[in-house]
Amino acid sequence: MESMEAAVVEPSAINPGPIDGSVLYDQDKHVSSAVWDGQERGALRCHEHTSKLDQWRLTAKQTELVEKAGFGYLRLIPAISLDNPLISALVERWRRETNTFHMNVGEMTVTLEDVALLLGLAIDGDPVIGITHTSCNAVCENFLGRAPEAGYASGGMVKLSWLKEFFSDCPEDAPLEDIERHTRAYLLYLVGSTIFSTTTGNKVPVMYLPLFGDFAQCGKYAWGAAALAFLYRALGNASLASQSTISGCLTLLQCWSYYHLNIGRPKLKHDPGHDCFPYVLRWKGKQIGPTANRDVIFYRKALDALKPCDVEWRPYIHMDSRVIPEDIKSSLSLGRSKTMLICFDKAERHLPDRCLRQCGKPQHIPEEVPQWQRKNRGVDGGVDLSGKMEFELTEWVNRRLNIAEGDGSIDESEYMQWYLKITRRFVGRPISLSSEFQRTNSGLRDIAHIADTFPIDGLDPQQVESIARIRYIAHECLRGQVETPVIASGIAITELGKRARGKEKVRRKSFVKRKHKDEPMDCDGTSEDDRSQFHGAIVKVDELPLETTEIDNTSQLCNLGTEDHSQICLVSVDGDHVQLCTVTDGEANHQHPFQAVGELTDVEPFHHGVEDGGSQLDALSMEVEESQFCSGNKEVLDPHCQNAVDRADDSHLAHVTGDIESQTAVEV
């Protein structure tokens, strides 16, 4: 493990990967590319419908039939509160090319073993496949004894609310046929709200109903494998940048994360049990402790910084294995089966050879995964999918012939060297877009300065031409960045403390309007860390959105419109005074000092200057206090005019007031 930890790259790396795109060939469509470019989509909408499962009242006979059908443990699973930000952050690490999570420590995935132990579903047996349907009436009449009314069904799907309304309360003395119909309705509701939940709201396809016709035969299907195929497909769809929802058995996904990752685990009022089955029940109970501040970015940063010590590769060895039913225990070896998982039209690859450490075996470089195109084959009604999925069905039939075996002599450091080249190492940027933007501009300014001042005496014409070319390129790149918040390198910066809440920005016309908080971040946005560094601030007065306003019939210093750009309004701090001045022909003229109320401790004066030779001035986007310039002793409340001093350490700067002569104006 030490060698693996050492192989993880430093978070200061610029390239998030993959360096070798042969494995993650769909990177451009993946949500991590959008996040890297500043396009946040927020938490996914998670679709599970387990909140009303406990409102079904099952008779003793119904319970017996549910257990015979293979869902005796699934019905015991409570409605666990979903952590949407955690699930969303996990989705950002899921790769549909390999059906695995790409973590910093290596690949991980939800395996058949996880499904068997967490949900208690069968992972061995017949594939869950059959005939598709585009209409509900005939199927429901045959297996439920009644068809849904208009508005309760569409496109081969029936509303869960209809099933609950008419079948959730079966009389104790009902005939056996009615009991079986009510039980089939319950099973359809159960799978439709848990393992096969869809993004269509509260609907479930009726194609599962024929599989519930014979309860004994129903118990021979590999429902756990179908649940995993459905979840794999849902994760793959949700990992695309264009998606905003996710379905499937999210309780399985979330509890898998609780067991395997030391991130977001809830603290419960009781000690987690080790003698309950299925293992999902360990996380049943009321949570304690704060969770409100855990958003997608919180979990993303935790996953980006994941270390081997944060991973439980084999969490179930700490559980009491005596509670595992024998039929499930005997099939756990299929957790290492390299096979195809099938759920009607959904076929997904199960690749545990990429996650052998979850099986207690050293990880080697896995075999290449052939690219395959996922198809939704259940378009037409009345189609038996068995005839269209021969290859997938053959893979499943041979599942016991493809058990992945580990090699104890494997050196995992070799695997990590390979893995870090083919994986996506970071989802969130270690350095903010604004910081990278400022750093790039600062470097360009340095290059331009070196090229401008480089001595060319004694150089041959080709060298002179190269220097001229460098100078031209640097200045061309900087030409459109004159009025962007760039801080030149090599200049001392005065730290004025953290940004006070509620401040507004004085923006130039060239800046875009303020984004809403839920809109993607632009590269000209400035992070809190960046906004605390302002030195040598120069503001063009003609570009400040000032207006002529009157408060109590007193004229204010606000109308500063002009077409002449030769003069610049400067705001400087000198001891306890703030001074307003102009710049004319390279000289700064201080005008109209006014007293700053309160004390500014450990704050150096702002410096100002104009570059010689007609070079372009730096212009900083400045955040200003809510206090305003004033005329006489009247405080101006115009939100457009604000104090240019930004942020005092851990507190708001004092409001600035003072005496300004009634005819004060800046002739620009």
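In what follows, the structure referred to is the one given above.
Right, let's walk through the structure included here. Because the structure is a prediction, the values reported are computed rather than measured. (Residues numbered from 1 in each chain as written. Predicted model: local features only at pLDDT ≥ 70, side-chain atom pairs only at ≥ 80, totals over all residues. Heavy atoms only, no water.)

### Observations concerning the overall build of the chain
Check the secondary structure of the chain and you find 18 helices and 19 strands. In the chain, which comprises 668 residues, the proportion classed as buried is 51%. For the chain, the proportion of contacts with a sequence separation of at least 24, taken over those separated by at least 6, is 76%. Per element, the accessible surface of the chain, about 31,600 Å² overall, is 48% carbon and sulfur. (Helix = DSSP H or I, 4+ residues; strand = E, 2+ residues; numbered from the N terminus. Buried < 20%, exposed > 50% of the residue type's maximum accessible area, 1.4 Å probe, protein only. Contact = heavy atoms within 4.5 Å. Areas by Shrake-Rupley, 256 points an atom, 1.4 Å probe, with all protein chains shown as cover.)

### Looking at the side chain of H102
As for its position among the elements, H102 is in strand 3 (residues 100-103). A polar contact is formed between the side chain of H102 and the side chain of T423, at a distance of 2.9 Å. Setting aside residues up to four positions removed in sequence, H102 forms contacts with L24, R93, R95, E107, Y419, I422, T423 and R424. (Polar contact = N/O pair within 3.5 Å; in protein donor to acceptor, adjacent residues only side chain to side chain.)

### Considerations on the environment of K301
Examined against the element boundaries, K301 turns out to sit in helix 12 (residues 296-304). It is 9.1 Å that separates the C-alpha atoms of K301 and A89, two residues lying 212 residues apart in sequence.

### Description of the pairing of strand 11 (residues 339-343)
The buried fraction of strand 11 is high, at five of five residues. Pairing geometry for strand 11 and strand 12 (residues 346-350), over five bridges, is antiparallel. Bridged to M340 within strand 12 is R349. (Pairing = 2+ DSSP bridges.)

### A look at the nonpolar core
Core analysis: the largest hydrophobic core is formed by 116 residues, its most contacted members being F71, L163, I195, Y208, F212, W223 and I246. With 12 residues, the single largest contributor to this core is helix 10 (residues 223-238). Among residues more than four places away in sequence, those in contact with F71 are V66, L121, L187, L190, V191, I195, F212, C218 and W223. Within the second largest apolar cluster, seven residues are counted, among which are Y415, M416, Y419 and L420. (Core = buried A, V, L, I, M, F, W, Y, C linked by side-chain atoms within 4.5 Å.)

### Points about the pairing of strand 3
Consecutive residues of a regular strand have side chains that alternate between opposite faces of the sheet. In strand 3, alternate side chains face the same way, and those of T100 and H102 on one face and F101 and M103 on the other are all buried. Relative to strand 3, strand 2 (residues 94-95) runs antiparallel, the two sharing two bridges. In the strand pairing of strand 3, W94 is matched with F101. The hairpin formed by strand 2 and strand 3 contains four residues between the paired strands, and N99 there has a positive phi angle of roughly 55°. Across three bridges, the pairing between strand 3 and strand 4 (residues 106-108) is antiparallel. Within strand 4, the residue paired with H102 across the bridge is E107.

### Side note on a nonpolar patch on the surface
A grouping of I450, F454 and I456 is seen on the molecular surface, where their side chains present a nonpolar patch of about 280 Å² in accessible area. Considering the arrangement of structural elements, one finds I450 in helix 16 (residues 433-453). (Patch = residues over 30% accessible without salt bridge, like charges linked within 9 Å, V, L, I, M, F, W, Y side chains within 5 Å. Salt bridge = Lys/Arg side-chain N within 4 Å of Asp/Glu carboxyl O.)

### Here we look at helix 7 (residues 160-167)
Taken together, the buried positions of helix 7 are L160, W162, L163 and F167. On an axial view of helix 7, the arc spanned by its buried residues comes to 160°, and they lie on one face. (Arc of directions from axis to C-beta.)

### Section: the sheet that holds strand 3
What the three strands build is an open sheet, ordered 2-3-4; its pairing is antiparallel. Of all the strands in the sheet, the pair left with one neighbour each is strand 2 and strand 4. Along the sheet, helix 15 (residues 412-422) makes contact with strand 3 and strand 4, crossing strand 4 at roughly 80°. (Axes fitted to C-alpha atoms, helices over the stretch in contact; angles between N-to-C directions.)

### Some details on the sheet that holds strand 7 (residues 203-205)
Sheet architecture is open: three strands sit in the order 5-6-7, paired in antiparallel fashion. The open sheet has two edge strands with one neighbour each: strand 5 (153-154) and strand 7. Of the strand pairs in this sheet, strand 6 (residues 157-159) and strand 7 are connected by three bridges, and their pairing is antiparallel. Counted as the bridge partner of K159 is K203 from strand 7.

### Structural notes on the pattern of salt bridges
Counted by the stated rule, this structure contains 25 salt bridges. R57 is the salt-bridge partner of D169, the closest N and O atoms lying 2.7 Å from each other. On the criterion of sequence distance, the pair formed by D169 in the loop between helix 7 and helix 8 (176-193) and R57 in the loop between strand 1 (45-46) and helix 3 (60-68) is long-range, its members being 112 residues apart. Residues E177 and R181 are paired through a salt bridge, measuring 2.8 Å at the closest nitrogen-oxygen approach. A residue pair is termed a helical-turn pair when its members lie 3 or 4 positions apart in one helix, as E177 and R181 do in helix 8 at four residues. Taking the relative accessible area as the measure of exposure, R181 reaches 21% and is therefore partly exposed.

### Considering the side chain of E48
Within the secondary structure layout, E48 lies in the loop between strand 1 and helix 3. Among the polar contacts made by the side chain of E48, one reaches the main-chain amide nitrogen of L250 at a distance of 2.9 Å. In terms of polar contacts, E48 uses its side chain to reach the side chain of T251, at 2.8 Å. When neighbours within four sequence positions are excluded, E48 is seen to be in contact with L82, S193, T194, S197, G248, C249, L250 and T251.

### Focus on the packing of aromatic side chains
Given two aromatic rings, their pairing is described by the distance between the two centres and the angle made by the two planes. In the structure shown here, the tally under the stated rule is 24 aromatic pairs. Members of the aromatic cluster, each reached through a chain of ring pairs, are F71, F196, Y208, F212, Y221, W223, F230 and F344. The ring of F166 carries R146 above its face, with NZ or CZ at 4.0 Å from the centroid. Between the NZ or CZ atom of R349 and the centre of the ring of W372, over which it lies, the distance is 4.9 Å. (Phe/Tyr/Trp six-rings, centres within 6.5 Å; stacked < 30°, edge-to-face > 60°. Lys NZ or Arg CZ within 6 Å of the ring centre and 35° of its normal.)

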